[in-house]
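Here's the letter readout for the chains.
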4 protein chains.
Amino acid sequence: MKKIRIGSVGLGRLGLQHAKNIASKISGAELTALCDVDEKKLKETAEALRVSHTFTRFEDMARCSDLDAIVIVSSSAFHPEHIEIALDNGKHVFSEKPLGINIEGCKRAEKAVERHPDKVCMIGFMRRFDPSYLYVKEKIDNGEIGRPILVRCYSQDPEKCIDGAIAFAPDSGGQFLDMAVHDIDLARWFTKSEPVSAWAIGGCYAHPEFAQYRDGDNVGCLLKFQNDTMCFLFAGRTAPHGYNVETEIIGTKGILRVASVPQKNLVEILDNGGVRRECSQNFLERFENAYVRELEEFVSCIVEHKKPSVTVYDGTRTLEIAEGCRNSFQSGELYRF
Amino acid sequence: MKKIRIGSVGLGRLGLQHAKNIASKISGAELTALCDVDEKKLKETAEALRVSHTFTRFEDMARCSDLDAIVIVSSSAFHPEHIEIALDNGKHVFSEKPLGINIEGCKRAEKAVERHPDKVCMIGFMRRFDPSYLYVKEKIDNGEIGRPILVRCYSQDPEKCIDGAIAFAPDSGGQFLDMAVHDIDLARWFTKSEPVSAWAIGGCYAHPEFAQYRDGDNVGCLLKFQNDTMCFLFAGRTAPHGYNVETEIIGTKGILRVASVPQKNLVEILDNGGVRRECSQNFLERFENAYVRELEEFVSCIVEHKKPSVTVYDGTRTLEIAEGCRNSFQSGELYRF
Amino acid sequence: MKKIRIGSVGLGRLGLQHAKNIASKISGAELTALCDVDEKKLKETAEALRVSHTFTRFEDMARCSDLDAIVIVSSSAFHPEHIEIALDNGKHVFSEKPLGINIEGCKRAEKAVERHPDKVCMIGFMRRFDPSYLYVKEKIDNGEIGRPILVRCYSQDPEKCIDGAIAFAPDSGGQFLDMAVHDIDLARWFTKSEPVSAWAIGGCYAHPEFAQYRDGDNVGCLLKFQNDTMCFLFAGRTAPHGYNVETEIIGTKGILRVASVPQKNLVEILDNGGVRRECSQNFLERFENAYVRELEEFVSCIVEHKKPSVTVYDGTRTLEIAEGCRNSFQSGELYRF
Amino acid sequence: MKKIRIGSVGLGRLGLQHAKNIASKISGAELTALCDVDEKKLKETAEALRVSHTFTRFEDMARCSDLDAIVIVSSSAFHPEHIEIALDNGKHVFSEKPLGINIEGCKRAEKAVERHPDKVCMIGFMRRFDPSYLYVKEKIDNGEIGRPILVRCYSQDPEKCIDGAIAFAPDSGGQFLDMAVHDIDLARWFTKSEPVSAWAIGGCYAHPEFAQYRDGDNVGCLLKFQNDTMCFLFAGRTAPHGYNVETEIIGTKGILRVASVPQKNLVEILDNGGVRRECSQNFLERFENAYVRELEEFVSCIVEHKKPSVTVYDGTRTLEIAEGCRNSFQSGELYRF
């Protein structure tokens, strides 16, 4: 079977992981090209992963006829443009979240997708491919927990990564756009409903640096959905114990919790700290499998001419909701969608 | 040492438990009198607990000169009046929560307390006497978790008790006054701060009967405190697994969770349901020790002429906050305290 | 109702706890007398607990006509003699485990019990009164786990108490007699069967001091019971995390575990150690309730003329088994009962 | 980079999984040939996995010059012969455990390995490649738990698989050879020591069918190691909750537990069973990653001319120990190695 030839743009932390996964873990694909502005990193990575084509300009990679698809892990601001260029050059597209940093960009991406109905364009909400989240989704859809009452979502980065978070703060769009988007996507996916109003609060509890960007180091938001489901989002940057992504869905007949202990493995340690579990320390560790599975899904959509389960419209809608949360946080008022 | 002679009014479920505790578990006290309008139950209980004095009218018990103190477990609406009568008759008072069902009643109770500065008047927020909550309070006060960011409070009654909850609904004052008051008290206790604004939502997800009282079977509220601490309250009546009272305090340096699994004991069961813990099924089971300890504290305050740690003002303030949450729930608008 | 008047001998750590419990927590009893050779401690304790009679000679207390019953918390070697004297003076007896330090002593106690069939003589295997163990016992007896296959018992003291353990080593009788007797009692209670053979090993892994007494700091024993149930005992003195008493019963239809995490309360802590539970640190903390309940049972047996659930014969049998384990440990050979 | 071309023999449940892993998850290898006596299954699998060469006789596959290596997942009795033939035909070998079903076979395999020092011959003790076990091994080797005192190993198959176990019983070699070998390997790996004596008991608690093979449905064994470490093995076929592989290492400074809850994922369910975790149901689910990683190690050994971490001598030694346990179980006597 002919392998799908993929080019990947962006060699940051996640970009590198995607490149490695394509090169060694996605059996239906091969990593054919890499693109990054950092020539040194580009060369080293290409050598390590035995990639034949390298580009420093995205347009050049997009035009390369040896590629079937492009994986976009560039800076968020470039996502819409890269999606458009790739599609217009006949490539299938997988783009990391967020779809863009403003609605205008998202709409541009939507239009490009609509111009190329035969091309796959999938957005990387990887949590949907995590085995535990998939398990929960299935149970909800089977009616095992009855009607959803509350979706509680925590996304917490460890305090030890705070320097990176502060450095990235000017460009992050704030906690709701940067972190809570995954939770917003999950809440929509689990409830099949959309929010109608939101109230967000929070602040700078440990790191005043975020205030200048009208952001907080820890923020919370309560949302009311059309079907009356409540959703409580909490996003923080000061978790003392690790990378804590925890989700709870309270239904009328059952309650499901994912990763209420963000354990890194199956080891329990009994020492002078008591009985304890060590925790995952970052998203790559926690979602190692999910990052592989979403690309397997992407490749499978191309091969089998299927529509991806996460579309450009999910990207747009999620951004709109995150912007509403941010608006409420900054104004102190209720936001109505 | 002379024992404190206590009369207790109200022989409902909790009233009976208080009576038994005074009779057999509070070594510094003796149960001297009982009062209830139900003469049959009164007689039976008095016999079983070997109580010498019985009354069907509260005023008569309040005037009884063989008593030092009165424990009030009557219907909530009567609390302020009973507090006033007891104090005016020279008795120390322990009153179950809530202090009253409206602010007017609370203020009446406050005035009575102020008229009798030499008398102990303690309000029954028993969670403050639970060993786990005490442990958490100490850690917070010691600065072990840094600055509080979020207090998350769940109070869920089991679905199997829903009939009683529906029958009680007309008089309950709604979920915020009836259930969330304990959580409001905890949040004030832990943070030493007061809420400035709140937004409450929720609805009738399984039991439309609550709607006629402008209440829900599950409700949630996000509050902003003066010191910027966020507080998320969730109160529900449809828990599938048991009586779930769970509290989490996220701080900048540590996170504490109380009863994230509401286990009834230390037994773990491995069977075809997987690996599981059975849960506490009601407040008497969960807070068995706390109900004893709060009365020990009450007796100790009388003997040692101490001020109780939970005062009538806590009762008033908690009610004001619960009313604000209810107001937001009913109006759909932000409530500012 | 007239209270049972109790005299208690021995004011060591556990003796003091028993005395306090009788004085303040056992509503059907009163602490009337205390006996100890340490006059200073005797006087102080009597004052603190408002006890009227004090004795430095056990015989004198046993003859005191103001007492109905005697609680024996003296050194293990004295238990049989104290039981005999108390019974012969017409007192009901509650004796701490072990019944004695050799079979001869146990038989002496048995004979005294048989001379006084109208007197209660109960042995203090308090674990049988712990709520979690009672819950497990009921499930086993109800057939909920089918036929018992394996009983696994851990009894571990924390390393931080090692100095006391070393000091006590010459008189302890070794780990099997001193610690594992509780587990042996549990195994017999749960299985209603008796061991037929045993093989014990272990050694001094951290503290060579125990070797001179032909004991180890950690020991293990596998036993085969008449009904084929397997039993694995592990007793250690170097637990890094706390006082770990853990019991598992594997049956053909279900598995029960008691205290697989020896958590001190319901608090979960998330900090740089991960997600953790702090642990109980000693037997008084872990079995606080059980120590009260066993004395309630004792008083209840006296008042209601019932036979106690734990008899002198349980004491003898348990010692015989512990001696068999010790014999195997010291000889390296299989021991057949 | 040229891929290692692998032929695999045996298409049972695990054989199929190995074949799939080689075909799609081991990036440095390709599945070039398959061998099985069942022609239908052989043909179907070869088509599904796009394998070019198929064989019904092992000798033919071993001679095939298009192969670099052979993975042996045939019946245990054939392992030594297949290892010998493969090596003698110049192929690298990965053989599933056990190395053989008797010591004679193991020695034959050892001799073949010694004839071909340039060839890799690795034995499939996959647990050593599980992330949690690797984590534990590292902690032990770093001295984080001090000196090992006790290694406790449970290997339990779910009751629902009992029919297969009974059917396989005549050929299994008994529980110690069939199930406990993995635990024996772990105990040797963790302690770097060897057993000196063992006593095994157990029986048929639910399924008398095993008795005719002088086996039990649940068995236990206590072993003493040269360095005094104790080891308790428990192997059962009637687990009510799932596939339970649990390992605990108690050291003088810390205690490590692997999979004390054999959870299938990170989901916690709160329903009328309480708070529960569903469990893994078989070895393929529990050790999914380990099966991939061991083959990655195998391929890596071939490519980099390294010695595998699990050798034929581990296979022989493990069998000797398992046979000693079985001997003790059948004789009722202590076994000395």
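Residues numbered from 1 in each chain as written. Chains lettered and ligands numbered in written order. Predicted model: local features only at pLDDT ≥ 70, side-chain atom pairs only at ≥ 80, totals over all residues. Heavy atoms only, no water.

1. A few points about the interface of chain C and chain B
Note the cut-off: Note on contacts: a residue pair is in contact if any heavy atoms of the two residues lie within 4.5 Å. In short, buried area is how much 1.4 Å probe accessible area vanishes from two parts on joining, totalled over both. Only one rule defines a salt bridge in this text: a Lys or Arg side-chain nitrogen within 4 Å of an Asp or Glu carboxyl oxygen.
Each partner contributes residues to the interface: chain C has 28 residues there, and chain B has 28 residues. Between chain C and chain B, a total of about 2700 Å² is buried, with carbon and sulfur atoms accounting for 49% of that surface. Looking only at chain C, the three residues that lose the most surface to chain B are Tyr135, Leu266 and Leu270 of chain C, adding up to 23% of its buried area. Between the two partners, chain C and chain B, sit 2 salt bridges. For Glu278 of chain B, the salt bridge is made with Lys139 of chain C, and the minimal N-O distance between the two is 3.5 Å.

2. A look at the interface of chain A and chain B
Under the convention used in this document: In protein, a polar contact requires one atom able to donate a hydrogen and another able to accept it; more generally it is a pair of N or O atoms within 3.5 Å, and residues adjacent in sequence count only if both atoms are side-chain atoms. Runs of E in the DSSP output that reach at least two residues are strands. Runs of H or I that reach at least four are helices, and both are numbered from the N terminus. For this classification, the nonpolar set comprises Ala, Val, Leu, Ile, Met, Phe, Trp, Tyr, Cys and Pro, the charged set comprises Asp, Glu, Lys and Arg, and every other residue, Gly included, is treated as polar.
Every contact between the two is made by 44 residues of chain A and, on the other side, 44 residues of chain B. For the pair chain A and chain B, the summed buried area comes to about 3400 Å², and 66% of that belongs to carbon and sulfur atoms. Taken together, chain A and chain B are joined by 4 salt bridges. Across the pair Glu333 of chain B and Arg336 of chain A runs a salt bridge whose closest N-O atoms are separated by 3.0 Å. Taken together, the links from chain A to chain B amount to 14 residue pairs in polar contact (both at pLDDT 80 or more). Secondary structure elements with two or more residues in the side of chain A that touches chain B: β7 (148-158), β8 (195-203), β9 (218-225), β10 (230-239), β11 (244-251) and β12 (255-258) of chain A. With 7 residues, the top contributor of residues to the side of chain A that touches chain B is β9 of chain A. Grouping the constituent residues of the side of chain A that touches chain B by class yields 21 nonpolar, 13 polar and 10 charged.

3. So, the pairing of strand β6 (residues 121-124) of chain B
Residues and elements named next belong to chain B. As a reminder, the rule being used: Only protein chains enter the accessibility calculation, which uses a 1.4 Å probe. A residue is then buried if its area is under 20% of the maximum for its type, exposed if over 50%, and partly exposed in between. Paired strands, as defined in this entry, are two strands with at least two bridges between them according to DSSP. Here is how to tell: hold the view so the strands point away, follow the path from the first strand over the helix to the second, and if it runs clockwise the crossover is right-handed.
Residues Cys121 and Ile123 line one face of β6 and the alternating positions Met122 and Gly124 line the opposite face, and both faces are buried. Examined bridge by bridge, strand β5 (residues 92-96) and β6 share 4 bridges and lie parallel to one another. Note that in β6 the partner of Phe94 across the bridge is Met122. Each parallel crossover has a hand, and for β5 linked through helix α5 (residues 103-115) to β6 it is right-handed.

4. Some remarks on the sheet that holds strand β4 (residues 69-72) of chain C
Residue and element names in this part refer to chain C. Our working definition: Interaxial angles span 0 to 180 degrees and are taken between N-to-C directions of axes, which are lines fitted to C-alpha atoms, for helices over the stretch in contact.
Spatially, the 6 strands line up as an open sheet ordered β3-β2-β1-β4-β5-β6, and their pairing is parallel. The open sheet has two free edges, formed respectively by β3 (53-55) and β6 (121-124), since each of these has just one partner strand. The mean inter-strand angle of the sheet, taken between neighbouring strand axes irrespective of direction, is 25°. Of the strand pairs in this sheet, strand β1 (residues 4-9) and β4 are connected by 4 bridges, and their pairing is parallel. Along β4, the bridge assignment pairs Ile6 with Ala69. Contacting β1, β4, β5 (92-96) and β6, helix α4 (residues 79-88) crosses the sheet at an angle of about 170° to β5.

5. As for the sheet that holds strand β4 (residues 69-72) of chain D
Residue and element names in this part refer to chain D. The sheet built from 6 strands is open, its strands ordered β3-β2-β1-β4-β5-β6 with parallel pairing. With one partner strand each, in any of the chains shown, β3 (53-55) and β6 (121-124) form the two edges of the open sheet. When the angles between neighbouring strand axes are averaged without regard to direction, this sheet yields 25°. Here helix α4 (residues 79-88) sits on the sheet and contacts β1 (4-9), β4, β5 (92-96) and β6; the angle it forms with β5, its principal contact strand, is near 170°.

6. So, the relation of the copies chain C and chain B
This is how the line gets drawn: In superposing the copies, a least-squares fit is computed on C-alpha atoms, taking residues whose pLDDT is at least 70 in both.
By a simple turn and slide, chain C fits onto chain B: the slide is 0.0 Å along the axis, the RMSD is 0.0 Å, and the turn is 180°. A rotation of that kind, with that shift, is consistent with a two-fold axis. For chain C, the residue whose C-alpha comes nearest the rotation axis is Lys25 of chain C, separated from it by 3.1 Å. Both copies share a contact surface, since 100% of the interface residues of chain C are interface residues in chain B too.

7. Here's the deal with the UniProt feature "domain: Gfo/Idh/MocA-like oxidoreductase N-terminal" (unreviewed entry) in chain A
Definition in use: UniProt positions are given in the numbering used here, feature names are shortened, and annotations may be inferred rather than shown by experiment.
When the UniProt feature table is mapped onto this chain, "domain: Gfo/Idh/MocA-like oxidoreductase N-terminal" (unreviewed entry) is found at residues 4-122 of chain A. Secondary structure content for residues 4-122 of chain A is 43% helix and 23% strand, while the C-alpha to C-alpha distance between its ends is 15 Å.

8. Focus: helix α6 (residues 131-141) of chain A
Put simply, the rule is: Directions pointing from the helix axis toward each C-beta atom define the arc.
Listed in full, the buried residues belonging to α6 of chain A are Ser132, Tyr133, Val136, Lys137, Lys139 and Ile140 of chain A. Considered in projection along α6 of chain A, the buried side chains sweep an arc of 165° and stay on one side of the axis. Against the buried residues of α6 of chain A lie α9 (180-191), β11, β12 and α10 (283-286) of chain A together with β13 (267-271) of chain D. For α6 of chain A, the capping residue at the N-terminal end is Asp130 of chain A, with a side-chain oxygen 3.1 Å from the backbone nitrogen of Ser132 of chain A. Gly143 of chain A, located one to two residues past α6 of chain A, shows a positive phi value of around 80°.

9. Some thoughts on helix α1 (residues 13-24) of chain B
Residues and elements named next belong to chain B. Put simply, the rule reads: One less than the number of residues in a helix, times 1.5 Å, gives the span that helix is expected to have.
Between the first and last C-alpha of α1 there are 17 Å, a value that for 12 residues agrees with the 16 Å anticipated at 1.5 Å per step. When we look at burial in α1, the residues that qualify are Leu14, Gly15, His18, Ala19, Asn21 and Ile22. Taken around the axis of α1, the buried residues stretch over an arc of 165°, which confines them to a single face. Taken together, the buried residues of α1 touch β1 (4-9), β2 (29-35), β4 (69-72), β5, α10 (283-286) and α11 (288-304).

10. Quick word on the UniProt feature "domain: GFO/IDH/MocA-like oxidoreductase" (unreviewed entry) in chain A
The positions UniProt marks with the feature "domain: GFO/IDH/MocA-like oxidoreductase" (unreviewed entry) are residues 133-256 of chain A. The span residues 133-256 of chain A is 29% helical and 39% strand by assignment, and the distance between its end C-alpha atoms comes to 10 Å.

11. Things to note about the pairing of strand β9 (residues 218-225) of chain C
All names here are of chain C. Most of β9 is tucked away, with 7 of its 8 residues classed as buried. Relative to β9, strand β8 (residues 195-203) runs antiparallel, the two being bridged by 8 bridges. Its bridge partner lying in β9, Ala200 is registered against Cys221. Where β9 and strand β10 (residues 230-239) come together, 7 bridges link them in antiparallel fashion. Note that in β10 the partner of Leu222 across the bridge is Phe232.

12. Regarding the side chain of Thr191 of chain D
Residue and element names in this part refer to chain D. When you line up the elements, Thr191 lands in helix α9 (residues 180-191). Owing to a relative accessible area of 9%, Thr191 belongs among the buried residues under this scheme. Those residues within four positions of Thr191 in sequence are excluded, and the remaining contacts are Val151, Phe225, Asn227 and Thr229.

13. Considerations on the packing of aromatic side chains
Both the distance between ring centres and the angle between the ring planes are used here to describe each pair of aromatic rings. Operational definition: Working definition: a ring pair exists when centres of Phe, Tyr or Trp rings (six-membered ring for Trp) sit within 6.5 Å. Plane angles under 30 degrees give stacked, over 60 give edge-to-face, the rest tilted. Here, a charge over a ring is recorded when the distance from Lys NZ or Arg CZ to the ring centre is within 6 Å and its angle to the ring normal is within 35 degrees.
Across all of its chains, the model carries 38 aromatic pairs over all chains by this definition. Measuring from ring centre to ring centre gives 4.3 Å for Phe232 of chain C and Phe232 of chain D, while their planes differ by 5°; the resulting arrangement is stacked. Placement of Phe232 of chain C in strand β10 and of Phe232 of chain D in strand β10 (residues 230-239) is noted, with the two residues assigned to different chains. Given a relative accessible area of 0%, Phe232 of chain C falls into the buried group. Aromatic rings pair up to connect Tyr133, Trp189, Phe190, Tyr243 and Phe287 of chain A into one cluster. In this structure, Arg286 of chain C is placed above the aromatic ring of Phe287 of chain C, and the distance from its NZ or CZ to the ring centre is 4.3 Å.

14. Overview of the domain arrangement of chain A
Residues and elements named next belong to chain A. Filter applied, for reference: Each domain's extent was defined by an automatic or database domain assignment.
Under the domain assignment, chain A is made up of domain 1 (4-119) and domain 2 (128-287 + 318-336). The centre of domain 1, based on its C-alpha atoms, is set 27 Å off from the matching centre of domain 2. Counting each side, the surface lost to burial between domain 1 and domain 2 is near 830 Å², with a carbon and sulfur contribution of 66%. The largest share of the area that domain 1 buries against domain 2 comes from Arg13, Lys97 and Ile103, three residues that together contribute 59% of it. Where domain 1 meets domain 2, there are 0 salt bridges. Where domain 1 packs against domain 2, one counts 1 residue pair in polar contact (both at pLDDT 80 or more). Broken down by secondary-structure element, the contributors of at least two residues to the side of domain 1 that touches domain 2 are α1 (13-24) and α5 (103-115). Each residue belonging to the side of domain 1 that touches domain 2 can be placed in one class, and the counts come to 4 nonpolar, 3 polar and 3 charged.

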